[in-house]
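What follows is each chain in one-letter form.
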Amino acid sequence: MESEPLMKPFPRPSSRQRESDGSLGDSENSHSVGSTKLNFLQLSARKKIIMISCSLVEFYSGCSFSIMAPFYPKEAERKGMDPTTIGFIFSLFELVIFLSSPVLGNHLTRIGSKFVFLSGIFVGGICTILFGILSICPPDVPFIVLSFATRSFQALGFSSYVTASFAIASSEFPNHVSLVFGILQTSISAGLMTGPLIGGFLYEAGGFGLPFYVTGTAVVLNGLFVWCFLPNPNDISKAERKRSVFSIILNPMVSIPMFSISATSLGVTFLEPSLAKHLEPFGLPITVVSVFFVISPLVNSISSPLWGYLLDANDIKGPILVFSHLIYCVGFLLIGPSPLLYFLPFKIWIIIVGLFVVGLTFASILITSMKCMVVGALEQGFENNIDTYGIVAGIFNSMYTLGGFIGPMLGGILSQKFGSSCGYTVVGIIALFMAAITGCLFLVRKNRHQ
């Protein structure tokens, strides 16, 4: 099969076609993706390399983020760091991505998408290696300052290559944007799940530095592979962008899914500081408790490509987004169980069902929201190209990490003040509110175009 250009020609939709995309069950002929099936074995070598490279990068990014969770707090306390500062070290990752992703996405093709991709990989990988050297750093202030500095640059690298990977992969597969995003979500979820396991094993085998040395080296080697084999993307010159990036968020088809992303990310990260304590009455060993933290990410990882395929093959953005928020709400009410469900007993199997539902709908909300944002950007007059995908990816990453930054703090505060069951009820109410808002969005669009 012949090599194909990274940015395949894609006809601009007519205004009539564009209008048809707005209802609750709207036709997606204009911004559609998925009229043909994506068969990996039949792809050209170029497309296979792009998909494999982006997936590996997403996997390593998940590992890099989560690998330190099992052992870093203990080592940091030995170096004189208090629990509050340790919490800031973890939250700093989300804060840096929240601030940098929109900027990187906006200027992705001006800087050069392959340059952003590669530089992010190398910066992230090298900073991961440097984090391992902190084991020989003097305690107290030097250790704290260098931890903040290294973590900040590691997050900046993460932000760069995650934003670029979605833009590059989506522009290569413009008819399968949702499926591509689902595959990338599966990769990063797999990294987030296996990171703590890899980190714990390597820490036991070789101490504080080994997990960072191994992971960082793997990231750098992957960067060398990408450098050698990734085809050059067709970046767009600044003169070709006809609209301001800020005009994207003026479309409710973008702004409302932005809040869906943050609210959903908030809910999942809300579990991090509260779930272990919520399970204490059952007297479970730590190894069993850790399995509960894997349930939602595992379901998310498995279901993401399926949701992506479903969205590419059918125009059901509205129903999926609305009902996913509703079911996401039910999932958190079950985890409590919420005082609103006073008739439900506090049983392990109910919590497991709740976590399963949360993982399943977490994937559908994120992928559908990304799809809506791409449609909204096209409606605002942006071209269907790598430049637009970069802008959308930057906004997505920013809003996702905003929820990830707020969620653990809110979870700790509400669980301490009112108990975890009431805290999960608050998350459920937020999801219910988002279901109402997204329902109104698609109903208004449907009535406007009838």
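In what follows, the structure referred to is the one given above.
Everything quoted here is computed from the prediction, not taken from an experiment.

Caption draft 1: Structural view of the pattern of salt bridges. The final tally for this structure, using the stated rule, is five salt bridges. For Asp 387, the salt bridge is made with Arg 110, and the minimal N-O distance between the two is 2.5 Å. Of this pair, Asp 387 sits in helix H14 (residues 386-418) while Arg 110 sits in helix H5 (residues 108-111), placing them 277 residues apart in sequence. Overall, Arg 110 belongs to the partly exposed group, its relative accessible area being 25%. The partner of Arg 445 in a salt bridge is Glu 379, and the shortest N-O contact between them spans 2.6 Å. Placement of the pair is Arg 445 in helix H15 (residues 420-449) and Glu 379 in helix H13 (residues 348-379), with a sequence separation of 66 residues. Owing to a relative accessible area of 4%, Arg 445 belongs among the buried residues under this scheme.

Caption draft 2: Highlighting the nonpolar core. If you look at the biggest cluster of nonpolar residues, it comprises 93 residues, and the most contacted ones within it are Phe 117, Phe 166, Phe 332, Ile 335 and Leu 355. Residues contacting Phe 166, with those up to four places away along its chain left out, are Val 177, Phe 181, Leu 184, Met 370, Tyr 389 and Ala 393. Listed in part, the 15 residues of the second largest apolar core include Ile 67, Phe 71, Ile 89 and Tyr 203.

Caption draft 3: The arrangement of unusual backbone geometry in detail. Pro 337 follows Gly 336 through a cis peptide bond whose omega is -20°. Phi at Asp 140 takes a positive value of approximately 65°, unusual for a residue other than glycine. Inspection of the secondary structure assignment puts Asp 140 in the loop between helix H6 (113-133) and helix H7 (141-172). On the basis of relative accessible area, Asp 140 is assigned to the partly exposed category, the value being 42%.

Caption draft 4: How the structure looks around the environment of Ser 64. If you trace the backbone, Ser 64 turns up in helix H2 (residues 45-66). When its relative accessible area of 4% is taken as the criterion, Ser 64 is described as buried. Separated by 91 residues in sequence, Ser 64 and Ala 155 place their C-alpha atoms 9.5 Å apart. Contacts of Ser 64, omitting those with residues within four sequence positions, involve Thr 128, Arg 151, Gln 154, Thr 215 and Val 219.

Caption draft 5: View of the packing of H7 against helix H8 (residues 177-206). Running from amino to carboxyl end, H7 crosses H8 at an angle of 145°, the nearest separation of the two axes being 9 Å. At the point where H7 passes H8, the crossing takes the right-handed sense. Packed against H7, whose contacting residues are Phe 158, Ser 165, Phe 166, Ala 169 and Ser 170, the element H8 presents Val 177, Val 180, Phe 181, Leu 184 and Ile 188 at the interface. In terms of residue class, the contact of H7 with H8 is made up of eight nonpolar, two polar and no charged.

Caption draft 6: Representation of a nonpolar patch on the surface. On the surface, a nonpolar cluster with roughly 530 Å² of combined accessible area is contributed by Ile 126, Leu 130, Ile 133, Ile 136, Tyr 213 and Val 214. Put simply, the parts of the chain that give the nonpolar patch at least two residues each are H6 and helix H9 (209-229). Take the nonpolar patch: its biggest share by element is three residues, from H6. Along the polypeptide, Ile 136 turns up in the loop between H6 and H7.

Caption draft 7: Up close: the environment of Tyr 213. Structurally, the position occupied by Tyr 213 is in helix H9. Between the C-alpha atoms of Tyr 213 and Ile 126, which are 87 residues apart in sequence, the distance is 9.1 Å. Once residues lying within four places of it in the same chain are set aside, the contact partners of Tyr 213 are Ile 129, Gly 132 and Ile 133.

Cut-offs applied
- Residues numbered from 1 in each chain as written.
- Predicted model: local features only at pLDDT ≥ 70, side-chain atom pairs only at ≥ 80, totals over all residues.
- Heavy atoms only, no water.
- Salt bridge = Lys/Arg side-chain N within 4 Å of Asp/Glu carboxyl O.
- Helix = DSSP H or I, 4+ residues; strand = E, 2+ residues; numbered from the N terminus.
- Buried < 20%, exposed > 50% of the residue type's maximum accessible area, 1.4 Å probe, protein only.
- Core = buried A, V, L, I, M, F, W, Y, C linked by side-chain atoms within 4.5 Å.
- Contact = heavy atoms within 4.5 Å.
- Axes fitted to C-alpha atoms, helices over the stretch in contact; angles between N-to-C directions.
- Left-handed = near helix turned anticlockwise from the far one by under 90°.
- Nonpolar A, V, L, I, M, F, W, Y, C, P; charged D, E, K, R; others polar.
- Patch = residues over 30% accessible without salt bridge, like charges linked within 9 Å, V, L, I, M, F, W, Y side chains within 5 Å.
- Areas by Shrake-Rupley, 256 points an atom, 1.4 Å probe, with all protein chains shown as cover.

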